[in-house]
Amino acid sequence: MADFLPKPALHAACRAFIEQRMAAAALAMQAAQESANSDTKSSAGDKYETGREMATQERDRNAGQLHQARQLAAELARISPDAPCDAVRPGALVHTSLGWFYLAISAGRLVVGGQECFAVSGAAPVALALKGKRAGEAAVFNGKTVQVLAVS
């Protein structure tokens, strides 16, 4: 496996992705709460109630996003970036004919050391197609044959 794409660095990039999502959701929740609190009652009472309700819904939506980010953090915490893998499973770094995949969480495209890698969850279609495969084996994904070049 190439030294220029270390799993600990990918794991850290996934953690940074989660922390950014958590911070954005918390900030948006705070802004929505402040908006609801600052809305003043006017002679148009319905407008006031609608504004408060919209701010409350926005806060609740962001609370849901914060909860999802916390679930991702828990999922990532169960993966050891130092554990070697000889078959495709959660925690594996897989080099394929399609590119690099880190089976951890759905963080999407990551660039580490100038190398592109896609962080995907174990439930992602590509991960399911590759599950259990070893270096030298092939899988079919989206109707195309994908070669597994290396797994670590």
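Everything here concerns the structure above.
Residues numbered from 1 in each chain as written. Predicted model: local features only at pLDDT ≥ 70, side-chain atom pairs only at ≥ 80, totals over all residues. Heavy atoms only, no water.

A.B. asks: Account for the nonpolar core, with residues named and values stated.
C.D. replies: In terms of nonpolar packing, the biggest core is built from 17 residues, with Leu5, Leu10, Cys14, Leu93, Tyr102, Ile105 and Cys117 touching the most fellow members. What Ile105 contacts, discounting residues up to four positions off in sequence, is Cys14, Phe17, Ile18, Leu72, Glu75, Leu76, Ala119, Val120 and Ser121. Counting residues in each nonpolar core, the second largest holds 16 residues, with Val94, Leu103, Ala124 and Leu130 among its members. (Core = buried A, V, L, I, M, F, W, Y, C linked by side-chain atoms within 4.5 Å. Buried < 20%, exposed > 50% of the residue type's maximum accessible area, 1.4 Å probe, protein only. Contact = heavy atoms within 4.5 Å.)

A.B. asks: Describe the pattern of salt bridges, with residues and values.
C.D. replies: Inspection of every chain in the model, using the stated rule, returns four salt bridges. In this structure, the salt-bridge partner of Asp86 is Arg134, at a minimum N-O distance of 2.9 Å. Linking Asp86 in the loop between helix H2 (45-77) and strand E1 (93-96) with Arg134 in the loop between helix H3 (125-130) and strand E5 (138-141), this pair joins segments that are 48 residues apart in sequence. Residue classification places Asp86 among the exposed residues on the basis of a relative accessible area of 53%. Among the salt bridges present, the one from Glu116 reaches Arg109, with a minimum N-O distance of 2.4 Å. Judged by its relative accessible area of 34%, Glu116 falls in the partly exposed class. Exposure remark for Arg109: the relative accessible area of 54% places this residue in the exposed category. (Salt bridge = Lys/Arg side-chain N within 4 Å of Asp/Glu carboxyl O. Helix = DSSP H or I, 4+ residues; strand = E, 2+ residues; numbered from the N terminus.)

A.B. asks: How would you explain the environment of Glu75 if you had to name every residue and give the values?
C.D. replies: Counting through the fold element by element, Glu75 comes out in helix H2. Taking relative accessible area as the criterion, Glu75 reaches 26% and is therefore assigned partly exposed. Separated by 39 residues in the primary sequence, Glu75 and Ala36 place their C-alpha atoms 33 Å from one another. Ignoring any residue separated from it by four or fewer positions in sequence, one finds Glu75 in contact with Ala104, Ile105 and Ser121.

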